[in-house]
Amino acid sequence: MQVLYPRCAGLDVHKDSVVARIRCVSEPPHDEVRSFATTTSALLELNEWLSAHQVTHVAMEATGVYWKPVWHLLEGDFELVLANAQHIRNVPGRKTDVNDATWIADLLAHGLIRSSFVPPAPIQELRDLTRTRKQLVREISQHSSRIQKILEDANLKLGSVLSDVLGKSGRAILRALIDGETDPEKLADLAQGTARKKRTELVEALHGRIRDHHRGLLKVHLGLVTALEQALANIDTTVGKTLAPIHKSARLLTTLPGVSDLTAQVMVAEIGVDMARFPTAAHLISWTGLCPRSDESAGKRRSTRVRKGAPWLKVALVTAAWAAVRVKNSYLQAQFHRLRSRRGAKKAILAVAASMLTAAYHMLKNGVEYKDLGAEHFTRRDRDKMIQRLVRRINDLGCQVQLTPQAA
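Residues numbered from 1 in each chain as written. Predicted model: local features only at pLDDT ≥ 70, side-chain atom pairs only at ≥ 80, totals over all residues. Heavy atoms only, no water.

### Some thoughts on the pairing of strand 4 (residues 57–61)
- By the criterion of burial, strand 4 is predominantly enclosed, with 5 of the 5 residues buried.
- Residues of strand 4 alternate between two faces, with His57, Ala59 and Glu61 on one and Val58 and Met60 on the opposite face, all of them buried.
- Where strand 1 (residues 7–13) lies against strand 4, 4 bridges are found, and the strand directions are parallel. Considered in strand 4, the bridge of Gly10 is made with Ala59. (Buried < 20%, exposed > 50% of the residue type's maximum accessible area, 1.4 Å probe, protein only. Helix = DSSP H or I, 4+ residues; strand = E, 2+ residues; numbered from the N terminus. Pairing = 2+ DSSP bridges.)

Below, the structure is given as structure tokens:
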């Protein structure tokens, strides 16, 4: 097999150590294995060691997030390849750190490692921010649910009257409860806005048996919610600054049905704005995990389940797809109803999400806004097939149909 990279190295990265193997077959030939710590000084020593042997390409296995500091300290000095651990598994029963590094170097030398997608540093920073934001939103939702459970335990039916327990009215009542107020009349007087119209229901709902135990828990959870919301506001401010250089690309994505500003930020953070990394839209869809896996043996398809792919992007796209299919007289709505009747709603919504990602690929690649094909697209494309299907259906019902072309 032809050697593509005569001077390369393989790295097996762990939390506290990196096992490196140099594989050089050109003059001067060299083959050596060394271990390094993952401290900054040790990784700089690794850089100098690889440079001293004129290594040009370095491959490393993606293990959690431990590869990131190694990548950052080697980036710019070598051509780096990040390998998926599932794609380069060694022979079972012969697994050691040294063997793993040797195997990675051998695969890299012959060009048998498919590099994972590693976006530029600004996109990585934006990705960290958007993922952190989603985690904060989840935590706020969890604390909100715990507050609701505490109120139910105290037999305070506040959630049955107010649509949002953490709204202005709800928070005012919660703070009064924490301060020791128990009179339902006084608590109901704290309602604001349209909640004032529900005063009678509030008085009835606020009759309960709240104890100091409940007040202490409410104070803890409400304080955590306030702190998380402040952190969320700080994240949003930082995201706005980080997104400024590529704001135009994010705005393009908002022309897609169902894609809000937040969803556009997530999409840009996960796939970047340079579509040259993906040869076609199909490659991007496969990387995201929105298409059936390839699992065939002896001419039979064994499974059509989708792969895990990019979970952060997939969740955002599927959520946006559910919003997009509610847009009337749109291509995406027509596609959803067309597939749902045959394949079910879950598979249909994945197909819609894949169509949205295909559109996003071409929008980012060509710098154009989204143009809807219209709800009649499939009718225009499959006009003859649809006529034949309807004729067969009428014939099955016991009627004869004679087709006469309509005058233009």
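### Side note on the pattern of salt bridges
- Within the structure shown, the criterion is met by 13 salt bridges.
- We note a salt bridge from Glu185 to Arg199, for which the minimum N-O separation is 2.8 Å. Taken together, the residues Glu185 in helix 7 (residues 184–188) and Arg199 in helix 8 (residues 199–205) connect sequence positions 14 residues apart.
- Among the residues examined, Glu185 registers a relative accessible area of 37% and is labelled partly exposed.
- Exposure remark for Arg199: the relative accessible area of 32% places this residue in the partly exposed category.
- Across the salt bridge formed by Arg251 and Asp261, the nearest N and O atoms sit 3.1 Å from each other. Here Asp261 lies in helix 11 (residues 261–271) and Arg251 lies in helix 10 (residues 247–253), a separation of 10 residues in the sequence. (Salt bridge = Lys/Arg side-chain N within 4 Å of Asp/Glu carboxyl O.)

### Remarks on the packing of helix 6 (residues 168–178) against helix 9 (residues 212–243)
- It is the contact of helix 6 with helix 9, at a shortest axis distance of 9 Å, that shows an interaxial angle of 140 degrees. Here helix 9 runs oblique to helix 6, going by the angle between their axes. Viewed along their axes, helix 6 and helix 9 form a crossing whose handedness is left-handed. Along its contact with helix 6, which presents Arg171, Leu174, Arg175, Leu177 and Ile178, the element helix 9 presents Arg215, Leu218, Lys219, Leu222, Val225, Thr226 and Glu229.
- Looking at side-chain class alone, the contact of helix 6 with helix 9 contains 6 nonpolar, 1 polar and 5 charged residues. (Axes fitted to C-alpha atoms, helices over the stretch in contact; angles between N-to-C directions. Parallel < 35°, antiparallel > 145°, perpendicular 65-115°, else oblique. Left-handed = near helix turned anticlockwise from the far one by under 90°. Contact = heavy atoms within 4.5 Å. Nonpolar A, V, L, I, M, F, W, Y, C, P; charged D, E, K, R; others polar.)

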